[in-house]
Each structure stands twice: as C-alpha cells, then as structure tokens.
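# Coordinates in review
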Amino acid sequence: MDLIRLTNVKKTYNTGVTAIQDLNLSIGKGEFVFIIGSTGCGKSTLIKMLYREEKPTAGQIIVGGIDVGRLRNRKVYKIRRKIGVVFQDFKLLPKSTVYENVAFALEIFGLPKEEIHAKVVKVLELVGLKHKIKSYPAQLSGGEQQRVAIARAIVNGPKLLICDEPTGNLDAKTSMGIMEVLNEINKLGTTIIMVTHDINIVKKMNKRVIVLDSGRVLKDYEEGTYK
Amino acid sequence: MKTFRIIGRNFRDAFKGVFRNFSLSLASISCITITLIVVAISIILSYNVNNFTELVEKDVTIVAFIDNDLTEEEIDTIKDEISVIDHVDTYEFTSKDDITTDMRESSDVFDSVMKNWSDEENPIQNTYQVKVDDIEYIEGVAKQIEKIDGITLVKYGEGIVEQLISTFSLIHTISLGAVVALILVTAFLISNTIKITISSRQREISIMRLIGASNLNIRIPFIIEGLLLGALGSIIPIIITIYGYETLYSSFNGQLFSPFIKLIPPTPFVYLTSLVLLGIGILVGMFGSWRAVRKHLKI
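Because the structure is predicted, anything quoted here is derived from the model rather than measured. Starting from 1, residues in each chain are numbered consecutively following that chain's sequence as written. All chains are assigned letters beginning at A, and all ligands numbers beginning at 1, according to the order in which they are written. A pLDDT threshold of at least 70 governs which residues receive local features in this predicted model, and a stricter bar of 80 or more applies before side-chain atom pairs are shown or counted, although totals over entire chains, interfaces and linings include all residues. Where side-chain values are given, they derive from all heavy atoms of the structure, hydrogens and water being excluded.

Each helix is a run of DSSP H or I of at least 4 residues and each strand a run of E of at least 2, with the numbering of both proceeding from the N terminus. Secondary structure assignment for chain B yields 11 helices and four strands. Think of it in three bands: with a 1.4 Å probe and only protein chains considered, a residue is buried below 20% of the maximum accessible area for its type, exposed above 50%, and partly exposed in between. Expressed as a percentage of the 299 residues in chain B, the buried residues total 41%. In the form shown here, chain B has an accessible surface area of approximately 16,300 Å², with 62% of it arising from carbon and sulfur atoms. Per-residue and other accessible areas were derived by the Shrake-Rupley procedure at a 1.4 Å probe size, with only the shown protein chains allowed to occlude residues.

As a working rule, side chains carrying opposite charge can pair if their charged atoms are close by. All names here are of chain A. Within this document, salt bridges are pairs made up of a side-chain nitrogen of Lys or Arg and a carboxyl oxygen of Asp or Glu, the two lying within 4 Å of each other. Counting across every chain of the model gives 12 salt bridges over all chains. A salt bridge links Arg208 to Glu31; its shortest N-O distance comes to 3.1 Å. In this pair, Arg208 sits in strand β9 (residues 208–213) while Glu31 sits in the loop between β2 (18–28) and β3 (32–36), placing the two residues 177 residues apart along the sequence. Of the residues examined, Arg208 reaches a relative accessible area of 10% and is grouped as buried. Its relative accessible area of 23% is what places Glu31 among the partly exposed residues. Across the pair Lys132 and Glu144 runs a salt bridge, and its minimum N-O distance is 3.2 Å. One end of the pair, Lys132, is in the loop between α4 (113–126) and α5 (142–154); the other, Glu144, is in helix α5, and 12 residues separate them in sequence. A single salt-bridge network, built from bridges that share partners, covers Glu31, Arg208 and Asp220.

Note on definitions: a residue-residue contact is assigned when non-hydrogen atoms from the two residues lie within 4.5 Å. The partner chain B presents 21 residues to the 29 residues of chain A that form the contact. In this description, buried area is defined as the sum, over both parts, of the accessible area (probe of 1.4 Å) that is lost when the two are combined. Where chain A abuts chain B, roughly 2,200 Å² becomes buried across the two surfaces, and 53% of that area is made up of carbon and sulfur atoms. It is Arg80(A), Phe104(A) and Ile108(A) that lose the most area in chain A upon contact with chain B, and together they represent 24% of the buried surface on that side. For the pair chain A and chain B, the interface holds one salt bridge. The salt bridge involving Arg12(B) is made with Glu107(A); its shortest N-O contact spans 3.2 Å. Any N or O atom pair separated by 3.5 Å or less is treated as a polar contact, with the protein-specific requirement of one donor-capable and one acceptor-capable atom, and with residues adjacent in sequence counted only for side-chain atom pairs. Applying the counting rule to chain A against chain B returns four residue pairs in polar contact (both at pLDDT 80 or more). Counting only elements with at least two residues in the side of chain A that touches chain B, the list comes to α2 (76–80), α3 (98–107) and α4 of chain A. Tallying contributions element by element places α3(A) first for the side of chain A that touches chain B, with four residues. Each residue receives one of three labels: charged for Asp, Glu, Lys and Arg, nonpolar for Ala, Val, Leu, Ile, Met, Phe, Trp, Tyr, Cys and Pro, and polar for the others, Gly being one of them. Of the residues assigned to the side of chain A that touches chain B, the class counts are 14 nonpolar, four polar and 11 charged.

Judged by side-chain charge, Glu72(B), Glu73(B), Glu74(B), Asp76(B), Asp80(B), Glu81(B) and Asp149(B) come together as a negatively charged surface patch. Position of Glu72(B) relative to the elements: it lies in helix α3 (residues 72–83). Residues enter patches when their relative accessible area tops 30% and they take part in no salt bridge; the joining distance is 9 Å for like charges and 5 Å for the nonpolar side chains Val, Leu, Ile, Met, Phe, Trp and Tyr. Only four residue types enter the tally: Lys and Arg on the positive side, Asp and Glu on the negative side, with His and both chain ends excluded. To locate a charge, the coordinates of NZ of Lys, CZ of Arg, CG of Asp or CD of Glu are taken.

A word on the sheet that holds strand β1 (residues 62–66) of chain B. Residue and element names in this part refer to chain B. Two strands qualify as a pair provided that DSSP identifies no fewer than 2 bridges between them. Strand order in the open sheet formed by four strands is β2-β3-β1-β4, with antiparallel pairing between adjacent strands. Both outer strands of the open sheet, β2 (88–94) and β4 (151–155), are each paired with one neighbouring strand and no more. When strand polarity is set aside, the average angle formed by the axes of neighbouring strands in this sheet is 20 degrees. In terms of strand pairing, β2 meets strand β3 (residues 127–132) through six bridges, oriented antiparallel. If you follow Thr90 over to β3, its bridge partner there is Lys131. Note on geometry: axes are lines fitted to C-alpha atoms, helical ones only across the stretch in contact, with angles between N-to-C directions running from 0 to 180 degrees.

With that settled, consider the side chain of Asn101(A). All names here are of chain A. Mapped onto the elements, Asn101 comes out in helix α3. Relative accessible area serves as the criterion here: at 1%, Asn101 is assigned to the buried category. Polar side-chain contacts of Asn101 include one of 2.8 Å to the backbone nitrogen of Leu93. With residues near it in sequence (within four places) discarded, Asn101 still touches Leu92, Leu93, Ser96, Pro137, Val148 and Arg152.

To continue, consider the environment of Val195(A). All names here are of chain A. Looking at the element boundaries, Val195 is found in strand β8 (residues 191–195). In sequence terms Val195 and Glu165 are 30 residues apart; their C-alpha atoms lie 5.3 Å from each other. Apart from the residues lying within four places of it in its own chain, the contact partners of Val195 are Ile35, Lys43, Ile47, Cys163, Asp164, Glu165 and Pro166.

This part is about the nonpolar core. In summary, soluble globular proteins display a tendency toward joint burial of nonpolar side chains. Nine residue types can take part in a nonpolar core, namely buried Ala, Val, Leu, Ile, Met, Phe, Trp, Tyr and Cys, and a core is a set of them joined through side-chain atoms within 4.5 Å. Of all hydrophobic cores here, the largest spans 115 residues; its most connected members are Phe34(A), Leu124(A), Leu161(A), Leu182(A), Ile62(B) and Ile145(B). The leading source of residues in this core is helix α2 (residues 22–59) of chain B, at 11 residues. The residues contacting Leu124(A), other than those within four sequence positions of it, are Val98(A), Val102(A), Leu129(A), Lys130(A), Ile133(A) and Ala151(A). Within the second largest apolar cluster, 33 residues are counted, among which are Leu6(A), Ala19(A), Ile27(A) and Leu50(A).

Before going further, it helps to spend a moment on the packing of helix α10 (residues 235–251) of chain B against helix α11 (residues 266–294) of chain B. All names here are of chain B. At their nearest, the axes of α10 and α11 sit 9 Å apart, and the two run at 160 degrees to each other. Accordingly, the angle class assigned to the pair α10 and α11 is roughly antiparallel. Here the hand of the crossing between α10 and α11 comes out right-handed. Here Pro237, Ile238, Thr241, Ile242, Tyr245, Glu246 and Tyr249 of α10 come into contact with α11, specifically with Pro266, Phe269, Val270, Tyr271, Thr273, Ser274, Leu277 and Leu278. When grouped by side-chain class, the residues that make up the contact of α10 with α11 number 11 nonpolar, three polar and one charged. When describing relative orientation, an angle under 35 degrees is termed roughly parallel and one over 145 degrees roughly antiparallel, while 65 to 115 degrees is termed roughly perpendicular and anything else oblique. Two helices that cross are described as forming a left-handed crossing if the nearer one is turned anticlockwise from the farther one by less than a right angle, and a right-handed crossing if clockwise.

If you want it as structure tokens, here you go:
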C-alpha cells in the first residue's frame, strides 16, 4: 500500500517561479527513497509540500491517508505528528540539553515523565548517543548533533522520516555513520525519504532513486538499479 | 491526569521563559509597573471624586422660608403641597424658635442682639428643609416651592453646588478616560515588548510546529508567561496603593480641606483596587502575549 501518493501536482510560487509541474509519484510503506537532482530542480519544494510547509498550487498530495494540500494552517500539526523531519542545520534548541531536545517532542503531548524518559533513552541508544545525554548541542560534533536531531524526529514513532540533506554539513566518514543510523531506522519499519547532493552515498546505499529535473520526474530507479 | 501534566509543564516552561529571557522580561514588567501605578492613581482619584460628589449631593438642602403671619394650619397645608412635588425626597419643619436657639448658642454677637428682641419681634422665619432624590432636579423643585403661597424665599446655595458637581464630574470623566486609554496603550506596549522576546524565540516556535505541536500547544506557555509578567508587574503598584493610600488617608485625617469632603476609608478600598490592578496586569499581559504569538503561527 502507498504511504505517499502525488497526483498531477503543480507548485508555482508567488514570485511566478514554477518549482514543480505534472508530478506523479507514489512511495510505499517501508521504502527508503533518495531524491536527487541539480540545484533548483524542485527537490526541496517537493519535500516541503509533504510536511505541509508549502501548499501545492494544483493536484493532490496524500500522506498517510491525509490530503495534505487541503489541510488548514490550524490543522497542520495533524500531519506533522505522523512525520519526522531532519534538516541540514539540525535545528536544535541551543539552551537545552540533548535529553531536553528529544524529550521536548514528547512533552507537548502530555506523556508521563517515566514514559518520556524510557523513550528518550531508547532512541538515544539507537542513534548511539546515550552517553551524551546531559551535553548541550554546542558541546557536540556536527555528526552527533545530527544524531540528536534524528532521535528527536523519530521519538514519536512516525511512519515517515523526511531528511533534507542531513549529511550536507558533514564529512564523508561521519555521513556514512548517519546513513547507518537511518538504515537501522528504516529496517524497523519507518519509511525514509532523503534529499541529497551526495552521489557517493546514493551509490553506496543501493536504494530507490528518484531524479528530478525542472520540477518533473526525470528518472525513477528501482532499488539497486542506480549506478 | 494528562491535562494536569500538560498544565504543570506549561507553567514550568513559562517560568523558565521568564527567567531565561530575563532582560526582556524585565522590560515588560517595568512597562506594566509604570502604567499600573498611573492606573492606580487614576482609580483612587476617580473613586474619591465620585465619593465627594455623592456626599455633596446628599448634603444639599433647599431651605424654604415661611411667612411669619401664617397660622399653624396654613403651615401644614404648605407641607402637603411640598410633599406632592416630584423628586422631593424628605422634608422637615424647623421652627423659628429652634433656629434662634441654635444661632444664639453658636454666636455671642447674635446672642446679645437677640436679647433685646421679644418673641413677637423676632425676624427669624419658620422654615421647611427639603432634600431632593436627584441633585439634577434641585432647581426645578426649588422653583415649584417658591410658587407656593406663604413661602417668602427659597435658597439652596444655587450656583456653587452646580459648579462643584460639574467640576467633580469632569475630573471623574477625565480620570476614567485616562484609565481606559492607559490600559489600551499598555496592552500594545506589552504586546510589542513580548513580540521582541518571541522573535528571539522564533526558532523554538518553528521547531515546536515541525514536531507536531498544535497552535494551542505553542500558545499556552507564552500566554501563561504573559500572565506571570502581568502579575509580577502589578506587585509594586499594589504595594504603593496599599501603603501610599493608607499614609495619605491618615495624614489628612480622612478628609480633604474641610470635614465636608471625606476621603474613602482605606479598608476595603485599597484591597479592591489592588485586585483590580492585579486583574488588569494579568489580562493585559495575557492579551499582549496572545497577540504577539499569533504572528508567528502562520507558518
């Protein structure tokens, strides 16, 4: 069954720039998909529409059964709770510890303290940062900060994890560490969509690859066929 | 249980917010403090002036002088005629003998003059003292009494009373207007101060939205923060109100210039005023935050 389905999606910004046109795409549950393409091909716009940072101008976007394009501003949280998002610049709270940064995502839902603690410790263990639980973001390396961001994104148990160039600021070795973590998460059943410029990573991972060009799908490589 | 946990966390986050952004919080608190002091002064002034007006209104009496040639029956008829006039509240007969005794007791000069007059020669007149139920109608009532046969003269301190009351009502209106204007101005000032605080925390808000916090989830801690800022800002004005007014009251012995103009006793007046100040501070703080966050939620 499809987790994501885009039908005839078009996106034109107020400035008149058309970022996406006639886009049809479906992504199934549990898939790991790379989205690549040159700068300005519409990668960022595409994933921003998935978590409803942007609205499509025309067409339909269904994510986890929700018509995202029709979601009102006030109801956006409904889709956000089903999706985890990881950014190139981590977006951590600098004045909060690693624990607080991750727990933050659970606290707003009013979970009991013990449950929050158990979940946060478990997810930090998964990304390999249990020993840095009391550190502040500034005391961590870039790779470690990105692991915290990933932990925060998945602590709610989302069906979908969207990664917007998560390795963009990291060196090759650290990047592969992050990819291993993402692979682990994918094996646990979370669908992952990752936008990247790093062709080496894409080649090493052997996953499905969607190439965008001028807002359209140029090529859709099945798992293991991208060389 | 879940709701209590969320409320508890919201209060904790709000306290953290106040102290982590202390310099900006201090700016908001000072802003609330200064306005509330002026609001407190306006409230005290306005209520006291209102009180003066009521006292003056209660005290104003129409004195109707009765012709000394009238018989007792005729004087009684005048009483009946006064009683049917609209807006007459109370009326009381004071005989010329009572007035004479009163005046002789209060003035030695008068006493010595009166010794030489016999009762028949006494020029003092019997009077009716009439009070109206609403000061606005005093002039009309006085005119109607004047028309009654046997009434020689009607006096009620015309001119002075009207002037006093219109002055009081002007002060009352101005100070109430000042309170309302100040509250509005503070609400916007605070809203702007909190806006600066919140802009510096825009990142926090956008992250909250990204991880699925609803607008209410985001707004509530900030609104509680506004509530705290308002409550903290009202502490100094409340202290000033309570101690300041009590000191003022006792140093003036509870009256202004004459025993005629009495100040409102401090208890429970200062405590009610303090409650109003706290209420205004809290509402203004909450409104300011609510308005300031709204802008950041349209992501």
